[in-house]
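# Structural overview
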Amino acid sequence: MKIDIELLKKFEQTLDTVHPERGKIPIEILGYGEISLVFSIKGQNIAYKRIPIFDDEIQVKRHIWAYNMYNQLLQKIGLILPEYDVAFFKDKQGKIQFYCIQEMIAVESVGNIIIHNISVEEVKLLVLLALREMKKVWDFNLQSKTFEIALDGQISNFAVLNYDSQNSTIEENTKLQYLDTSTPLFRVNGKEAMEPELLLKSAPSFLRWLLKTLFLQDTVDRYYDFRRVIIDLIANFYKEQLPHLIPSLIDLANQFLQEEASEHKLSPIEGGEIYEYYKSDANMWDIFQRVRKLDRWIHTKILRKKYPFYLPADIQR
Ligand SMILES: Nc1ncnc2c1ncn2[C@@H]1O[C@H](COP(=O)(O)OP(=O)(O)OP(=O)(O)O)[C@@H](O)[C@H]1O
Ligand SMILES: [Mg+2]
């Protein structure tokens, strides 16, 4: 992909992390997760995921290795990814700025938008198609002696390939793309390829040890666990304000586990598990966002320094 690093440098120089749309380089926010800001620069067809967590080049180079390897592994086992690349540079203050880059795909083709615009039957089919993509990962894990791959199966991480917003039906042969490759979680001979502590870099340093003790291992582990990734996918329908779909999605997932994924020997999912999971997960991210807001306030109002991260507005959970 052709990346204009000078433009990115200019963007960093004038970036206002509280109001990223107000910088000198006009951008459009495409989405944000709990950690990264995803945006496009007007006039380009590129999605930039800004991840400002690296201290030095050794760290960023290891991460780029893991990122490329993760993308390649996913493609090898049959997932469809948008074209991808990375860029990093040192800004004027000598801080490393890192971006995961992807070809931009239509916003309305992303799963968490689509589910609000299609019938219940189609939502179920979309979730089934996502489960089939996920199964490719765990089929691979079952037979690989070297690698173990994790995946974040939330519906916002899948997009419908060649989506036509005028004629938008989900069918058996609809193809999904997987978007969320910026956290390359995989293990080589049991060893984590990326530094998982990086996930905590956007938390204030005085609380990192606490978050690490409380949540980190469990948060990382759950992305390796097929059953928990399915629970996460379904529980997310609470956040998407579609809780009434959850019972039928549980039935769908259990039928899938029995008929299409029996070799994984996973026990059926129960409604109570989804709710409990949703509550504890919402809680964890909520605590995380609150301490980050406090940290931002200290940075900007007390220390009068630039706060490096963009924090999404309050997320309805
Ligand atoms: N290539 C892309 N083109 C258009 N929009 C995208 C693209 N990639 C991501 N997005 C939008 O940004 C959202 C977040 O992206 P993604 O899932 O990759 O990161 P994330 O969830 O923020 O990851 P993390 O939480 O690990 O930081 C997506 O749900 C989607 O709406
Ligand atoms: Mg995501």
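No experiment lies behind these values; they were computed from the predicted model shown.

Helix and strand counts for the protein come out as eight helices and ten strands. A compact globule built from 317 residues would reach a C-alpha radius of gyration of about 20 Å, and the protein, at 20 Å, matches this within 12%. Counting only C-alpha atoms and orienting by the principal axes, one finds that the protein spans roughly 55 × 45 × 40 Å. Taking all 317 residues of the protein together, the buried fraction comes to 51%. For the protein, the exposed surface amounts to about 15400 Å²; the carbon and sulfur share of it is 51%.

Inspection of every chain in the model, using the stated rule, returns 15 aromatic pairs. Judged by centre distance (6.4 Å) and plane angle (25°), the rings of phenylalanine 89 and tyrosine 99 are stacked. Taken as a pair, phenylalanine 89 in strand β4 (residues 84-90) and tyrosine 99 in strand β5 (residues 96-103) lie far apart in primary sequence, ten residues in all. Across the pair, tyrosine 99 and phenylalanine 89 agree in class, each one buried. Judged by centre distance (4.4 Å) and plane angle (20°), the ring pair of tyrosine 238 and tyrosine 278 falls under stacked. Highlighted residues: tyrosine 238 in helix α6 (residues 226-239) and tyrosine 278 in helix α8 (residues 271-302), separated in sequence by 40 residues. Clustering of aromatic rings is evident, with ring pairs tying together Phe11, Phe39, Tyr48, Phe89 and Tyr99.

Attention now moves to α8. Between its terminal C-alpha atoms α8 stretches 46 Å, which fits the 46 Å expected from 32 residues at 1.5 Å a residue. Following α8 by one or two positions, arginine 304 adopts a phi angle in the positive range, close to 55°.

Attention now goes to the packing of helix α5 (residues 205-222) against α8. In the contact formed by α5 and α8, the axes pass within 12 Å of each other and the chain directions differ by 145°. Between α5 and α8 lies a crossing of left-handed hand. Contact residues: Phe206, Leu207, Leu211, Phe215, Thr219 and Arg222 in α5; Tyr277, Asp281, Met284, Trp285, Ile287, Phe288, Val291 and Asp295 in α8. Class assignment for the residues of the contact of α5 with α8 results in ten nonpolar, one polar and three charged.

Within the open sheet, the three strands sit side by side as β6-β9-β10. Their pairing is antiparallel. With one partner strand each, in any of the chains shown, β6 (147-149) and β10 (191-192) form the two edges of the open sheet.

When you line up the elements, phenylalanine 256 lands in helix α7 (residues 246-259). Residues phenylalanine 256 and proline 243, spaced 13 residues apart in sequence, show a C-alpha to C-alpha distance of 20 Å. Apart from the residues lying within four places of it in its own chain, the contact partners of phenylalanine 256 are Leu128, Leu131, Arg132, Lys135, Phe226 and Ala261.

This brings us to the coordination of the magnesium ion (ligand 2). Only Asn157 (OD1) and Asp180 (OD) from the protein coordinate the magnesium ion (ligand 2), and they sit 2.1 to 2.5 Å from it. Note that asparagine 157 is positioned in the loop between β6 and β7 (158-160) and aspartate 180 in the loop between β8 (176-178) and β9 (186-188), a separation of 23 residues in sequence.

On the secondary structure map, serine 119 appears in the loop between α3 (111-114) and α4 (120-143). Residues serine 119 and alanine 130, eleven residues apart in the sequence, show an inter-C-alpha distance of 17 Å.

Judged by nonpolar contacts, the single largest core of 85 residues is most densely connected at Leu74 and Met134. By residue number, the principal contributor to this core is α4, which donates twelve residues. Not counting the four nearest positions on each side in its chain, leucine 74 is found in contact with Leu79, Leu81, Val137, Ile149, Leu151, Tyr178 and Thr181. Listed in part, the 17 residues of the second largest apolar core include Phe11, Ile25, Leu37 and Phe39.

Relative to the helices and strands, glutamine 177 is located in strand β8. When its relative accessible area of 6% is taken as the criterion, glutamine 177 is described as buried. Discounting chain neighbours no more than four positions away, the residues touching glutamine 177 are Ile80, Leu81, Pro82, Ile105, Asn157, Phe158, Ala159 and Leu161.

Strands sit in the order β1-β2-β3-β5-β4 across an open sheet of five strands; the sheet is antiparallel. The open sheet terminates on both sides in strands that have one partner only, identified here as β1 (27-32) and β4. Across the sheet, the mean angle from the axis of one strand to that of its neighbour is 30°, orientation sign disregarded. The sheet contact formed by β4 and β5 spans seven bridges and is antiparallel. Paired with valine 86 across the strands is cysteine 100, a residue of β5. The strands that helix α1 (residues 5-14) touches are β1, β2 (37-41), β3 (46-50), β4 and β5; relative to β4, the one it contacts most, it runs at about 55°. Running at roughly 175° to β4, helix α2 (residues 57-76) makes contact with β4 and β5 of the sheet.

A few words on the pattern of salt bridges. Side-chain pairing between opposite charges can occur once the charged atoms of the two side chains come close. In the structure shown here, the tally under the stated rule is 19 salt bridges. A salt bridge links lysine 61 to glutamate 57; its shortest N-O distance comes to 3.3 Å. Of this pair, lysine 61 and glutamate 57 both sit in helix α2, four residues apart, which is roughly one turn of that helix. Classification of glutamate 57 by relative accessible area gives partly exposed; the value is 34%. Put simply, glutamate 197 and lysine 212 hold a salt bridge, and the shortest N to O gap is 2.8 Å. Here the residue glutamate 197 occupies a position in the loop between β10 and α5, and lysine 212 occupies one in helix α5, the gap between them amounting to 15 residues. In this structure glutamate 197 comes out as partly exposed when scored by relative accessible area, which is 34%.

Cut-offs applied
Residues numbered from 1 in each chain as written. Chains lettered and ligands numbered in written order. Predicted model: local features only at pLDDT ≥ 70, side-chain atom pairs only at ≥ 80, totals over all residues. Heavy atoms only, no water. Helix = DSSP H or I, 4+ residues; strand = E, 2+ residues; numbered from the N terminus. Rg over C-alpha atoms; globule rule 2.2 N^0.38 Å. Buried < 20%, exposed > 50% of the residue type's maximum accessible area, 1.4 Å probe, protein only. Areas by Shrake-Rupley, 256 points an atom, 1.4 Å probe, with all protein chains shown as cover. Phe/Tyr/Trp six-rings, centres within 6.5 Å; stacked < 30°, edge-to-face > 60°. Expected span 1.5 Å × (residues − 1). Axes fitted to C-alpha atoms, helices over the stretch in contact; angles between N-to-C directions. Left-handed = near helix turned anticlockwise from the far one by under 90°. Contact = heavy atoms within 4.5 Å. Nonpolar A, V, L, I, M, F, W, Y, C, P; charged D, E, K, R; others polar. Pairing = 2+ DSSP bridges. Donors = N, O, S within 2.8 Å, 3.2 Å for Na, K, Ca; no water. Core = buried A, V, L, I, M, F, W, Y, C linked by side-chain atoms within 4.5 Å. Salt bridge = Lys/Arg side-chain N within 4 Å of Asp/Glu carboxyl O.

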